[in-house]
Amino acid sequence: MKLRSSPILVVFLIVFIDLVGFGIIIPLGPYYATNIGATPTQVGILMAIYSLMQFLFSPFWGKLSDKVGRRPILLMSLLGSSISYLFFAFSTTFWMLLAARAFAGFFGANISTAMAYIADVTDEKNRSKGMGLIGAAFGLGFIMGPAIGGLLSEVGMRLGDEPPFGIGFSALGASVICFVNFLFAIKVLKESLTDEKKQKIQKRESRIALMKRFLFAKPQGVLLFLGFVSTFAFAHMESTLALFVKDSWDWGFTKASFAFAYVGIVSVFTQGFLIRRLMPKYGEPPLMFVGLTLTAMGMLGISLSTEVWMLGLAVTLMGLGMGMFNPSNLGGISLSSPSADQGKVLGVAQSFSALGRILGPLSGGFVYGHLGMRYPFLLAAAVLVIGFFLLLRIRKTIPNSTLIKKPLAFTKIGEYQFANLISNPIQFLMLDLRAENKSPFIRKSQLVTLENIKDIVNQSTTSKDQAIVIVCNDGDVSLKAAEMISSLGFINVVVLDGGTKNLTSHPSFS
């Protein structure tokens, strides 16, 4: 498949490369700021300004993209991000750094536009998969960004100490990465918003009104607040961990960058591998409890760390916890909301997370500077414990996907329905699974087994809407067969409930 013919892949690459640039800056900001004399409180402000600008201007970019299209907004944001990182690399005062991050946040409020692009180019069946790629781009960017930033800082320090060299050389690398991404997007990104789709766009309800509406709904309100709590706690760590390892073990920027990359690896492993195996077995509420517990233990462990191995264990627990909690919480919010409100309520969830990324660094930096380097993590753990007890209060109201009965992908019919069906002149394929018989049940049927049933169906049908009737002696084997045939995409599969042994009322079946 050519890249141009895969718009979802194009957007994934654009968001991923953009997030690599963002990932470079996350651990760099505290180091760069303290090197030019910033206090921990100012570091918190520096980390928060980006999310604040994103929160304020995300609706602006979203509405503008509805009018002028997705492509120009995405291109403008990529170019703006490149310029902001370039400004960051040459900054020599805290206020220059702050202005650079504010500028980056203004142009970085493009995720809603990227999600709108995905919605434009996917149908309802594949939309969640497309949105999942945006989440994957976040996770991979968070891994690759810090790692690349650490390597670039080593190069920069060999080239000199003055900006844009030294550790600030990483920001210069982020600028180049985003500019190359901008040129790539110019070449391959096509517009997704057609004139027909523009006419269907409805007037958006204000974000504040939506936040108020869902915050007082049950159980969505508490789940949304828990999303804020978890993000607030994580942002505490995100804004102060670099300062903590620098003050505790005199780590340089490169070591700190790889520590952040490790947290990203654990989180992506949990969301991409563990959660897929644990969710079908346990469901959302239990994994939310485990996620909050592990994250709180990780935060407490960081605050108590006196050795590097203790820190490693703590951040592993934290990464596992956040990787379990976030998708479980979003799943709980989605399951407890009507289908018509899915987009709105998940958008509100992102808004609450954005508030956590604003207030978390502000609080973390202030606490670090005024109470001590271990207290931001203690406060984060305490907030998560409060969240645990809030979750405990509403646990019975949270839907659990493992308890939701999935509709059968086929139809079960009784004796009289079956008699009417086979006497009807409509065309159907009847499959007889009665292994003890050497002759078909009726003249219309074919003898099959579970081993060859798929091959026979594929050979005997030309359309996925072909009617298929399955019988066996007791009904158990035919149910398995129906699942197998339905998994192939056939939509008109019928099973005789209870099997042929229940056919006692019709002389023709005796």
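Please read these numbers as outputs of a predicted model, since none were measured by experiment.

S.K.: What exactly am I supposed to notice about the overall build of the protein chain here?
M.R.: The secondary structure content of the protein chain amounts to 18 helices and five strands. Counting contacts in the protein chain only where the partners sit at least 6 residues apart, residues at least 24 apart contribute 79% of the total. For the protein chain, the exposed surface amounts to about 24100 Å²; the carbon and sulfur share of it is 64%.

S.K.: What is the right way to look at the packing of helix α12 (residues 284–304) against helix α15 (residues 375–394) in this model?
M.R.: In a pair of packed helices, the angle between the axes and the distance between the axes together describe the arrangement. In the contact formed by α12 and α15, the axes pass within 8 Å of each other and the chain directions differ by 165°. In this view, α12 runs roughly antiparallel relative to α15, as classed from their interaxial angle. Classified by chirality, the crossing of α15 by α12 is left-handed. The segment α12 lies against α15, with Met 288, Phe 289, Leu 292, Thr 293, Thr 295, Ala 296, Met 299, Leu 300, Ile 302 and Ser 303 engaging Phe 377, Leu 378, Ala 380, Ala 381, Leu 384, Gly 387, Phe 388, Leu 391 and Leu 392. By residue class, the composition of the contact of α12 with α15 is 15 nonpolar, four polar and no charged.

S.K.: Which parts of the structure should I look at to understand helix α2 (residues 40–68)?
M.R.: An α-helix turns once every 3.6 residues. As a result, residues three or four positions apart point the same way. With 29 residues, α2 should reach 42 Å at 1.5 Å per residue; the first-to-last C-alpha distance of 41 Å fits that figure. Backbone geometry just downstream of α2 places Gly 69 in the positive-phi region, at approximately 110°.

S.K.: Can you walk me through unusual backbone geometry in this structure?
M.R.: With the exception of glycine, the majority of residues adopt a negative phi angle, and the majority of peptide bonds are in the trans configuration. Its identity as a non-glycine residue notwithstanding, Asp 250 has a phi of 60°, on the positive side. Considering the arrangement of structural elements, one finds Asp 250 in the loop between α10 (220–249) and α11 (253–282). With a relative accessible area of 64%, Asp 250 lands in the exposed category.

S.K.: Would you explain the pairing of strand β2 (residues 429–432) in this entry?
M.R.: Every other side chain in a regular strand lies on the same face of the sheet, so the side chains alternate between the two faces. Alternating positions in β2 separate into two faces, Leu 429 and Leu 431 on one and Met 430 and Asp 432 on the other, with burial throughout. As judged from the four bridges shared by β2 and strand β4 (residues 468–471), these two strands associate in the parallel manner. In the sheet register, Asp 432 faces β4, and the bridge partner there is Val 471. Examined bridge by bridge, β2 and strand β3 (residues 445–447) share three bridges and lie parallel to one another. Note that in β3 the partner of Leu 431 across the bridge is Gln 446.

S.K.: Explanation requested: the confidence of the model for the protein chain in the structure shown.
M.R.: Caution applies to low-pLDDT parts of the model: their predicted coordinates are not meant to be read in detail. Taken over all residues, the pLDDT of the protein chain has a mean of 82, while the share at 70 or more is 87%. Residue range residues 1–5 is modelled with pLDDT below 50. Its contacts to residues more than four positions away, or to other chains, number eight contacts.

S.K.: Please clarify how the packing of aromatic side chains should be interpreted in this entry.
M.R.: How two aromatic rings sit relative to each other is set out by the distance from centre to centre and by the angle between their planes. Scanning the entire structure with this criterion turns up 15 aromatic pairs. Here Phe 179 and Phe 182 contribute two aromatic rings whose centre-to-centre distance is 6.0 Å and whose plane-to-plane angle is 35°, an arrangement assigned as tilted. With Phe 179 and Phe 182 both in helix α7 (residues 169–188), this residue pair falls three residues apart, about one helical turn. Between Phe 244 and Phe 377, the ring centres sit 5.3 Å apart and the planes meet at 80°, which makes this aromatic pair edge-to-face. Taken together, the residues Phe 244 in helix α10 and Phe 377 in helix α15 connect sequence positions 133 residues apart.

S.K.: Could you clarify how one ought to interpret a nonpolar patch on the surface in this entry?
M.R.: Among the surface-exposed residues, Leu 79, Ile 83, Phe 103, Phe 179, Leu 183 and Ile 186 lie close enough to one another that they form a single nonpolar patch of about 470 Å² accessible area. For the nonpolar patch, the element with the most residues is α7, which contributes three residues. As for its position among the elements, Leu 79 is in helix α3 (residues 70–89).

S.K.: Which parts of the structure should I look at to understand the side chain of Ser 478?
M.R.: Mapped onto the elements, Ser 478 comes out in helix α18 (residues 476–487). Not counting residues within four places of it along the chain, the set of residues in contact with Ser 478 comprises Leu 433, Ile 470, Val 471, Cys 472, Val 495 and Leu 496.

S.K.: I would appreciate a short explanation of the environment of Gly 252 in the present structure.
M.R.: Summarising the element assignment, Gly 252 is placed in the loop between α10 and α11. For the pair Gly 252 and Ser 153, spaced 99 residues apart in the sequence, the C-alpha separation amounts to 9.8 Å.

S.K.: I would appreciate a short explanation of the sheet that holds β3 in the present structure.
M.R.: In any sheet, the strands associate via hydrogen bonds between backbone groups, in a parallel or an antiparallel arrangement. The strand order β1-β5-β4-β2-β3 describes an open sheet built from five strands, whose pairing is parallel. Looking at strand neighbours, the two that pair on one side only are β1 (411–413) and β3, the edges of this open sheet. On average, each strand axis in the sheet is inclined to that of its neighbour by 30°, with strand direction left out of account. In the sheet, β1 pairs with strand β5 (residues 493–496) via three bridges, with the strands oriented parallel. Following the sheet pairing, Ile 413 is matched in β5 by Leu 496. Along the sheet face, helix α17 (residues 453–460) touches β2, β3 and β4 and points at about 160° away from the line of β2. Along the sheet face, α18 touches β1, β4 and β5 and points at about 175° away from the line of β5.

S.K.: Could you clarify how one ought to interpret helix α4 (residues 94–107) in this entry?
M.R.: A rise of 1.5 Å per residue sets the reference length of α4, with its 14 residues, at 20 Å; its end C-alpha atoms lie 20 Å apart and thus fit the reference within 8%. The set of residues buried in α4 consists of Phe 94, Leu 97, Leu 98, Ala 100, Arg 101, Ala 102, Ala 104, Gly 105 and Phe 107. Along its buried surface, α4 packs onto α1 (7–35), α2 and α3.

S.K.: What is the right way to read the nonpolar core from this model?
M.R.: As a rule of thumb, nonpolar side chains are buried together in soluble globular proteins. By size, the foremost hydrophobic cluster in this structure holds 96 residues, and its most contacted members are Met 299, Ile 302 and Leu 391. Top contributing element to this core by residue count: α1, with 15 residues. Discounting chain neighbours no more than four positions away, the residues touching Met 299 are Ala 233, Phe 234, Met 237, Met 318, Phe 377, Ala 380, Ala 381 and Leu 384. If you look at the next biggest cluster of nonpolar residues, it comprises 17 residues, including Phe 410, Ile 470, Ala 482 and Val 493.

Rules behind the numbers
Residue positions within a chain follow its written sequence, with the count starting from 1. Given that the model is predicted, a residue must reach a pLDDT of at least 70 before its local features are reported, and side-chain atom pairs must reach 80 or more before they are shown or counted; all residues, however, enter totals for whole chains, interfaces and linings. Side-chain calculation: all heavy atoms of the structure are included, whereas hydrogens and water are not. Where helices and strands are cited, they refer to DSSP runs of H or I of at least four residues and of E of at least two residues respectively, numbered from the N terminus. Whether two residues are in contact is decided by their heavy atoms, any of which lying within 4.5 Å being enough. Computed with a 1.4 Å probe, the accessible areas rest on the Shrake-Rupley method; for each residue, only the protein chains presented here act as cover. Throughout, an axis means a line fitted to C-alpha atoms (over the contacting stretch in the case of helices), and angles, computed between N-to-C directions, take values from 0 to 180 degrees. Note on terminology: angles under 35 degrees are roughly parallel, angles over 145 are roughly antiparallel, angles of 65 to 115 are roughly perpendicular, and the others are oblique. Throughout, a crossing is termed right-handed when the near helix is turned clockwise from the far one, and left-handed when it is turned anticlockwise from it by less than a right angle. For this classification, the nonpolar set comprises Ala, Val, Leu, Ile, Met, Phe, Trp, Tyr, Cys and Pro, the charged set comprises Asp, Glu, Lys and Arg, and every other residue, Gly included, is treated as polar. Helices are assigned an expected span. That span is 1.5 Å times one less than the residue count. Each residue is placed in one exposure class: buried if its accessible area under a 1.4 Å probe, protein chains only, is under 20% of its type's maximum, exposed if it is over 50%, and partly exposed if it falls in between. Here, strands pair whenever DSSP counts at least two bridges between them. The pLDDT score gives, residue by residue, the confidence of the prediction method on a 0 to 100 scale. Each pair of aromatic rings taken from Phe, Tyr and Trp, with Trp reduced to its six-membered ring, is defined by centres within 6.5 Å and is described as stacked if the planes are under 30 degrees apart, edge-to-face if over 60, and tilted in the remaining cases. Here a patch means residues that are over 30% exposed by relative accessible area and free of salt bridges, tied together within 9 Å if like-charged and within 5 Å if nonpolar (Val, Leu, Ile, Met, Phe, Trp, Tyr). In the sections that follow, a salt bridge refers to a side-chain nitrogen of Lys or Arg positioned within 4 Å of a carboxyl oxygen of Asp or Glu. By convention a nonpolar core is built from buried Ala, Val, Leu, Ile, Met, Phe, Trp, Tyr and Cys residues, the set being connected through side-chain atoms within 4.5 Å.

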